[in-house]
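Observations on the three-dimensional arrangement
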Amino acid sequence: MKQDQATLTENGALSRRDFLKLGGTGLVVFFWVGPLDAFQQPPQPYTEAPPSTPTDFNAFLQIRPDGRVTCMVGRVELGQGLQTAAAQLVAEELDFPFDSIDMVMGDTDVCPWDVGTFGSQSMRVLGPILRGATAEAKAVLLQMAAEQFNAPVERLQVSDGVITDSAQGKRVTYAALVQGKQIERHLGKVPLKPVSAFKMMGKSPQRKDALEKVTGKAKYTGDITVPGMVYARILRPPAHGAKLKNVDTSTAEKMSGARVVRDGDFIAVIHDRPDMADKALALIKADFDRPQTGLDDKSIFDHILKNAQPPKVMAESGTLADADKLANPLEQTYFHSYGAHAPIETQSSVAMIEGGKATVWAAVQIPFIVRDRVAQALGLSKQNVHVIIPYVGGAFGGKNNAQNAIEAARLAKMVGKPVQLVWRRDEDFFYARFRPAAVVKIRSGMNEGKIVSWDYTVYAAGDWGAVTFYDIPNQRTTTVPITQTAWRNQDNGAGLHPFFVGPWRMPCAITNTFARESHMDILASKAGVDPVEFRLRHLTDKRMRRVLEAATGQFGWKPARAPSGQGVGVACGTFYKTYVATAVQAAVDKSTGKVQVERVVTAVDAGVIVDPEGTRQQVDGCITMGVGYSLSEEVRFSNGEVLSRNFDSYDIPRFSTNPKTEVVLVDNPELAPDGIAEPPIITLGAAIANAVYDATGARLFQLPMTPARVLQALKQS
C-alpha cells in the first residue's frame, strides 16, 4: 500500500476509485450519534440547513487489507496539528498503532460532511464524535472475534490491532478479521476509555506532517499543477464600494499568449505563465467611481458610536444604581483597530472542469461549503463538484469564504482549461474580511478595595468574552445587537463597517479581554493593591485561580502596586471551557515609544491534553500572533481604500522581536479536551498594556500600541 499512501500525502486526495477499491475488502463501520447540527452550525451567511445525517456521517474509519487504518474527517490541516491529534484519538480508542494510521482530510468526495475547521472546535466537537465512533468500531471488532473464537467478548484482549483469547491461545489482527468482507454493524453507545487507561493520548508523537513540511515535500494549493493549466489575474477595484465606469483591454489583448475574459464587471487575464499574466493585467486601463465615505482608521470609532443601535443586555445582576452610590464611578473607553489575518499563504485555488464535473483544490477552512458555493456558481449539482484541501498555510479565520475558489471555477468554465488563481498579497489584504474595529465603554465603582459595580458595553466587536468572570455583585453587560453577529455573517454590520468583517482567531474575545483586564489593572492601582492580588480578591472560580497562580508562579511574580517600574503585566481570560492566564515582562524605549516584549508565561487549562507538544506549539503561536495584534498589526484605510497592502505596511512580528515564551499546561483530567488553537491569544493585549503601564506609568487605551501611541501616552502621563 505504499503507492496508496503516497497518493494521500503528495496529491492531497484519495480518489473515489481508490477509496472504493479499499472499501471493498475492508471493514466499513457506520456510526450514529444523532444529527450533526446538534454539535455544529454552518456559519452565516450560509443559511441552508445542514445535510441530513446518514448513519455513516459523523465519523468514518477504514481497516485496510494491508493492516493500516485510514481515518477520514471533513476538517483540514491548517498547521494546527489536527492531523496528528485526530490520529491519536483513533489510536487510543481503537488500540491501534499510531504510526499505522493514515489521515485523509477535507476531501468532499470521500470524507464525511463537516461544517469547517474554525472556532477551536476540532477537539471540542469533532473529538468526542471521533472517539465515540472509534470506540464503537473496536466493540464491533471484538464481537466479530468473539464469534470467530466462540468465546465471550469479556475474555478477549486487544493491543496494537491484535485481538487475543489467551484461554484458547488464539489471536487475530483487525485486518485478518475483516479481510474480504463488507460489514455494516451497529451497536449502542460504547463507553470511552477513562483517562487512567490512556496509552497514546497525553503523549507527543512526531507530527504526521513533520517530515513532509521540513523536507519541502508537502503540497499546498499553489504547488498543484494539472496538464493544460493556465494562470489568472483579475482586475480589482481600488477601493471597497468602487464601481467600474469604463475599461480598455485592447493593449492587453494584443500581448502574445494573453487572453482577456469578461463577464460583466468580472474581468480577468489568462496566460500560461503567471508573470506574464501579471504583465497583461497591468496593461488594462480602467476608471472607477470611488466612494467618499469620509471614513478612515482614525474616524471609524466615532462612526461606530454614532451609528450603533441601542445595546442589548447580555447579562445582569444586582442593582447598578444603588451600587454607584457607594463609590465614585470610574469611566473609561477602550478601542481596537481593524486587523488582518495575514497568513503567509494567500488565498489560492486550482479549478478543473472535465466531463461535467468540477474539481477544485483550495486553501480554505470550509471544504463542503466551498463545494456548495462552487456548484451554485457553475450551475452544477453538489455531487458533481469535488473539493480537495491540500495543506493550508495558515488561516486564522481568514479562509472561511469561498470567493477565491468561485472565481477560479468561473474562469475555468469561461476559458475551458484548468485555472490556477493565487491572490497577490494586496488582494489578500483587500478581501481579508477584517477583525472588526470596536469600542468598549466601562463604568465601574469600588468600595473598600472591592469592585461593587460594573457596567460594560461593547460596540461592534461582539459578545464573546464580554461577560466578566470576576465576582462583582452589581453588574451589567450589553452589546450592540446588530454587530454582535456581523463578523459571523461576514458582512458589514448593516453599514456600520466600511467593508466586510469576519472571524479572526477569537475576534471579539480579544477586544473584550483587553478592555476588561486593562480596567482591572486600573482599579487595582487605584486601590493600591498588587494586580494579581486584586484579581484573586475577586475570584472564586477555582479553574481561573489555578491558571493565574500557575502563570504567576512560573513567572516568579513579585507583588507590588503598579506602576512599580518592573515592567510586568498580567491578564486572565476564558473562552469556551478553556482558561488562560498570561504574565508578561516588557521594556519601553521612552525616546522612540517602541515596546519590546521580553518574556511571556502563559498557563492554560483546556481539559485533558491530547498532544502536549502540539498544545505548546499552539500556545506559542498564539503568543507570537498576540504580540503582533498588541503592538503593530493595524489595517489602515481611507474612503474604502485599504492602505495596508503588504508586510511593509502591515507589520507582523519578526523572529528578532519575539519574546522568550514559557507554556504551563494545567492538565485537568476531569474535563474532555477543549479548544486550544485560539483561547491563549486573548490575554496578550491586556497583559502587554499592563506591563507598559507598570514600566512607565503610561496607560494605553487602544490596540495596537504603536510607538506613536506609546509616545503620546508618555506625554499625557
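Up top is the structure.
Computed from a predicted structure; not experimentally measured.

Reading the values: the criteria
- Residues numbered from 1 in each chain as written.
- Predicted model: local features only at pLDDT ≥ 70, side-chain atom pairs only at ≥ 80, totals over all residues.
- Heavy atoms only, no water.
- Helix = DSSP H or I, 4+ residues; strand = E, 2+ residues; numbered from the N terminus.
- Rg over C-alpha atoms; globule rule 2.2 N^0.38 Å.
- Buried < 20%, exposed > 50% of the residue type's maximum accessible area, 1.4 Å probe, protein only.
- Contact = heavy atoms within 4.5 Å.
- Areas by Shrake-Rupley, 256 points an atom, 1.4 Å probe, with all protein chains shown as cover.
- Lys, Arg positive; Asp, Glu negative; His and termini not counted.
- Charge placed at Lys NZ, Arg CZ, Asp CG, Glu CD.
- Pairing = 2+ DSSP bridges.
- Axes fitted to C-alpha atoms, helices over the stretch in contact; angles between N-to-C directions.
- Phe/Tyr/Trp six-rings, centres within 6.5 Å; stacked < 30°, edge-to-face > 60°.
- Arc of directions from axis to C-beta.
- Core = buried A, V, L, I, M, F, W, Y, C linked by side-chain atoms within 4.5 Å.
- Polar contact = N/O pair within 3.5 Å; in protein donor to acceptor, adjacent residues only side chain to side chain.

Examining the overall build of the protein chain
Within the protein chain one finds 20 helices and 28 strands. What you see for the protein chain is a C-alpha radius of gyration of 27 Å, in line with the 27 Å of a compact globule of 717 residues. Expressed as a percentage of its 717 residues, the buried residues of the protein chain come to 60%. Intrachain contacts of the protein chain at a sequence separation of at least 6 include 76% that bridge at least 24 residues. Summing over all exposed atoms, the protein chain offers an accessible surface of approximately 27700 Å²; the carbon and sulfur share of this is 50%. Taking the average location of the 79 positive side-chain charges in the protein chain and that of its 76 negative ones, the two points are 1 Å from each other.

Focus: the sheet that holds strand β23 (residues 578-588)
Strand order in the open sheet made by the four strands is β22-β23-β24-β27, with mixed pairing throughout. In this open sheet, the two strands that pair with only one neighbour each are β22 (568-575) and β27 (660-665). In this sheet, neighbouring strand axes are inclined to one another by 15° on average, regardless of whether the strands run parallel or antiparallel.

So, the pairing of strand β21 (residues 474-479)
Of all six residues that make up β21, five are buried, and the element is covered over most of its length. For strand β20 (residues 450-459) and β21, the ladder comprises six bridges, and the chain directions are parallel. Each bridged residue has a counterpart across the sheet, and for Trp-454 the counterpart in β21 is Gln-475.

Considering the packing of aromatic side chains
By convention here, two paired aromatic rings are described through the distance between centres and the angle between planes. For the coordinates displayed, the defined rule picks out 20 aromatic pairs. Taking the centre distance of 5.4 Å and the plane angle of 40° together, the rings of Trp-423 and Tyr-431 count as tilted. Using a relative accessible area of 15% as the deciding quantity, one classes Tyr-431 as buried. Taken together, a centroid distance of 6.2 Å and an interplanar angle of 65° make the contact between Trp-464 and Tyr-576 edge-to-face. Taken together, the residues Trp-464 in the loop between β20 and β21 and Tyr-576 in the loop between β22 and β23 connect sequence positions 112 residues apart.

A short note on helix α20 (residues 707-716)
Among the residues of α20, those classed as buried are Val-710, Ala-713 and Leu-714. In a view along the axis of α20, the buried residues occupy a sector of 100°, so they form one face of it. Turned more than 90 degrees off the buried face of α20, the exposed positions are Ala-708, Lys-715 and Gln-716. Buried positions along α20 lie against β23, β24 (595-605) and α19 (684-696).

Quick word on the nonpolar core
Within the largest apolar cluster, 154 residues are counted, with the highest numbers of intra-cluster contacts made by Tyr-338, Ile-681 and Ile-688. With nine residues, the top contributor of residues to this core is helix α15 (residues 507-527). Those residues in contact with Ile-688, other than ones at most four positions away along the chain, are Val-584, Val-595, Val-597, Val-627, Ser-630, Leu-631 and Met-705. In this structure, Val-69, Phe-149, Phe-198 and Val-608 belong to the second largest nonpolar core, which totals 42 residues.

A closer look at the side chain of Asn-401
Its place among the elements puts Asn-401 in the loop between β17 (385-388) and α12 (403-415). Residue class for Asn-401 comes out buried when judged on its relative accessible area of 3%. Side-chain polar atoms of Asn-401 contact the backbone nitrogen of Gln-403, separated by 3.2 Å.

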